[in-house]
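Listed below, chain by chain, are the residues.
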Amino acid sequence: MSKWKVLLVDDEVEFVTTLSERLNLRGVHAQTAFDGEEALRCLEEDPPQVVVLDMMMPGLGGLEVLQRIRKEYPQIPVILLTGHSSTRDGMEGMRLGAFDYLMKPLNIGELIEKIGKALESVGGK
Amino acid sequence: MKVQEWFKSFHLLDFPEEGESPVRYRLLRRNMMILMIVITIVPLLFMAIMNYHQYQSTLKDEIVNPLRVLVNKTKHSFELFLAQRLSTVSFIASAYPLEELADENALNRIFRVMRQEFGGFVDLGLIDDKGVQVSYVGPYDLKGKNYEEQSWFHEVRIRGTYISDVFMGYRKFPHIVMAVQRRTDGGSAWILRATIDTEKFNDLIASMQLDPSSDAFLLNKSGVFQTPSKRYGGVLDQFPLVLPPFSSEANVVEEKDPQGREVLIAYTYFLHSPYILAVVKPRGEVLKAWYTLKTELFFLFLFSVVVIFLVVLKLTDVMVRRMRESDEKREAAFREMEHTHKLSSIGRLAAGVAHEINNPLAIINEKAGLMTDLLEYSEDFPEKEKFKALAEVILQSINRCRSITHRLLGFARRMEVQIEVLDLNEVVKETFTFLEKEALYRNLDVRLQLADNLPRIASDRGQLQQVFLNLLNNSFAAVEDGGIITVTTYEKDMDTEAVSIQDNGCGMSEETIKHIFEPFFTTKKGTGTGLGLPITYGIIKKLGGDIEVQSKEGKGTTMTVYLPKKPRNGSGV
């Protein structure tokens, strides 16, 4: 298994840093961004294979970022994270082109599984 | 003013807004009934009384008038008869000289002609101014009899003519006497006197053709019978009733006769002779038509009152019941609205809280996860196992919290319609968790017979939870403690999946089944809103599904929900 490259976007710094550390421990290369703008900058500088994106963020919201990614980097799958377990938001995200969505608090195993599936879907390994 | 006060004192126009509702409706019912009955029966009564009097006077006139006419007519016949006889006597007294009348042979001839031409004459005699019968023709030997002492003699001397009352005399049959006085050229007076039997009177009375219950007779002015009566005595007996007051025209009075009967007496006084003609008719007989009418009027009135009563009773009942029903419906709707409102408020609050808690929970989750990860990768150290166990407990607790927040969010979500792909079995299990405690507490045997490999369907999780919750609630309410409830899921056909909820509870009658999907129909008096099944039905229809009821009283009920795998056009989304 080659090292996956994932971008984690969430305004909860503690959450993102801890999650990235855990992913790194599991052999996933995880970058972090703390808001929408930063995420887009990261995408520009060093495009990841998969983006894990929180839906509720101040400033540029998750759904807007998602739309930008779909437009500019259609080959990069996006997994949405939602603190609200409202499936409507999730469905909306799916409609806008997200690969899947997960509810917080996450199960790390589930996240890795979804990332794997997302990569499969675009033919990457 | 008085009526208003009266109304006020009964609070007839008040409708108590508060207070115990049965009392309130009873009051309302009473007030409406009294008002309606008063405003219908009072005019009716008024009219009936007016009609009664109107009819009474009209009919009485109608009945009494012919009687009056008859009396008048008969009186005229009598008067004519008497006048004729008197003028006959008078004519003879004037036409024949005294000498001829004094001669018995001549008098006899005249008398014979008289009897021939005018019936009823019994005898004829001439009396001189001393009162001595000079000549006489007739069945008795009265010649030479002196009448000087008798009152009629004096009367005829004063008045010139005289008609006596009926009397028996020595003749021993009822007759009257007529006398006419004449004067000779010399100035001495003499009197021609004739006796007439009253047989003719009876004929005149018979000619009135009265019905058998009526009585007609002639009286003199002191109330002595001149002709026999049927009921009150024979000739020359005293009339047992008080004589009616003088009236030359036919008049009618009401009296009570000695036999105790109410009678009408039609009578008239004769002008030129001392008689009173009277017809006595029993009042009942006369007013028979009136009595019949009166009875009919009374029964009509009674019938109307009964009909009014029944109609008012029924009408008031229906109206008050309607009012009560609509009040109850309104109240139920209010309660439901309040309930919904409360639920949605709680839902929003729950969602907000859950969301706020989810973020820190996610952080704790990651931190604890990282701790276990780090422990996993680090070398052994004295407390490693203990740390691992501690982190594990933290993670377990987070999971518990997560399930709580998710359930809260699920609850909030039920307010909106949202289609997602879901596993029916999972929804059923999830819903059952809400009722697990109650099932345990009541020792209910809930069997979940969930089909394996049931394809996922596109539907609304929240709404389905609501549906199953309602149906399970009903089943729980139907069974006794320890009852059995079986929930079965299966694939009905290519497009449809079914969930059936079966209980062995009290079941429902045919009649109840007909109404269960109607809003506000409830068998749980007081506690049910009657909205559970209508909402359930509405949701199922909205999701493009269907619901089926099978129930037998005392055996149990099976409710089966059919759901399409994919929402049909126009439904739900």
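Cut-offs and rules
- Residues numbered from 1 in each chain as written.
- Chains lettered and ligands numbered in written order.
- Predicted model: local features only at pLDDT ≥ 70, side-chain atom pairs only at ≥ 80, totals over all residues.
- Heavy atoms only, no water.
- UniProt positions renumbered as here; feature names shortened; annotations may be inferred.
- Helix = DSSP H or I, 4+ residues; strand = E, 2+ residues; numbered from the N terminus.
- Pairing = 2+ DSSP bridges.
- Axes fitted to C-alpha atoms, helices over the stretch in contact; angles between N-to-C directions.
- Contact = heavy atoms within 4.5 Å.
- Buried < 20%, exposed > 50% of the residue type's maximum accessible area, 1.4 Å probe, protein only.
- Expected span 1.5 Å × (residues − 1).
- Polar contact = N/O pair within 3.5 Å; in protein donor to acceptor, adjacent residues only side chain to side chain.

Per an unreviewed UniProt entry, chain B goes by the name histidine kinase and belongs to Desulforhabdus amnigena. Taken verbatim from the UniProt record of chain B, the Catalytic activity (unreviewed entry) comment is "ATP + protein L-histidine = ADP + protein N-phospho-L-histidine."

By the naming in an unreviewed UniProt entry, chain A goes by Response regulator and is assigned to Desulforhabdus amnigena.

### A short note on the UniProt feature "transmembrane region" (unreviewed entry) in chain B
All names here are of chain B. The sites that UniProt annotates as "transmembrane region" (unreviewed entry) are residues 33–52 and 297–316. Its end C-alpha atoms 27 Å apart, residues 33–52 is made of 100% helix and 0% strand. Taken end to end, residues 297–316 is 100% helix and 0% strand, and its two terminal C-alpha atoms sit 28 Å from one another.

### Some thoughts on the sheet that holds strand E16 (residues 556–564) of chain B
Residues and elements named next belong to chain B. Spatially, the 5 strands line up as an open sheet ordered E11-E13-E14-E16-E15, and their pairing is mixed. Looking at which strands have only one partner, the edges of the open sheet turn out to be strand E11 (445–450) and strand E15 (546–552). Recorded for the sheet is a direction-independent mean angle of 10° between the axes of neighbouring strands. Strands in contact with helix H10 (residues 424–441) are E11, strand E13 (484–491), strand E14 (496–503) and E16; relative to E11, the strand with the most contacts, it is inclined by about 175°. Relative to the sheet, helix H13 (residues 532–542) contacts E15 and E16, its axis offset from that of E15 by approximately 140°.

### A word on the UniProt feature "modified residue: 4-aspartylphosphate" (unreviewed entry) in chain A
All names here are of chain A. This chain's UniProt record puts "modified residue: 4-aspartylphosphate" (unreviewed entry) on Asp-54. Topologically, Asp-54 is positioned in strand E3 (residues 50–54). Looking at Asp-54, the relative accessible area reads 3%, which means it is buried. Once you skip the residues sitting within four places of it in the chain, Asp-54 turns out to touch Val-9, Asp-10, Asp-11, Gly-62, Leu-81, Thr-82 and Lys-104.

### Digging into helix H5 (residues 108–121) of chain A
All names here are of chain A. Over its 14 residues, H5 extends 20 Å from the first C-alpha to the last, a length consistent with the 20 Å expected when each residue adds 1.5 Å. For H5, the N-terminal cap is Asn-107; the gap from its side-chain oxygen to the backbone nitrogen of Gly-109 is 2.9 Å. Looking one or two residues past H5, Gly-123 carries a phi angle of roughly 85°, positive in sign.

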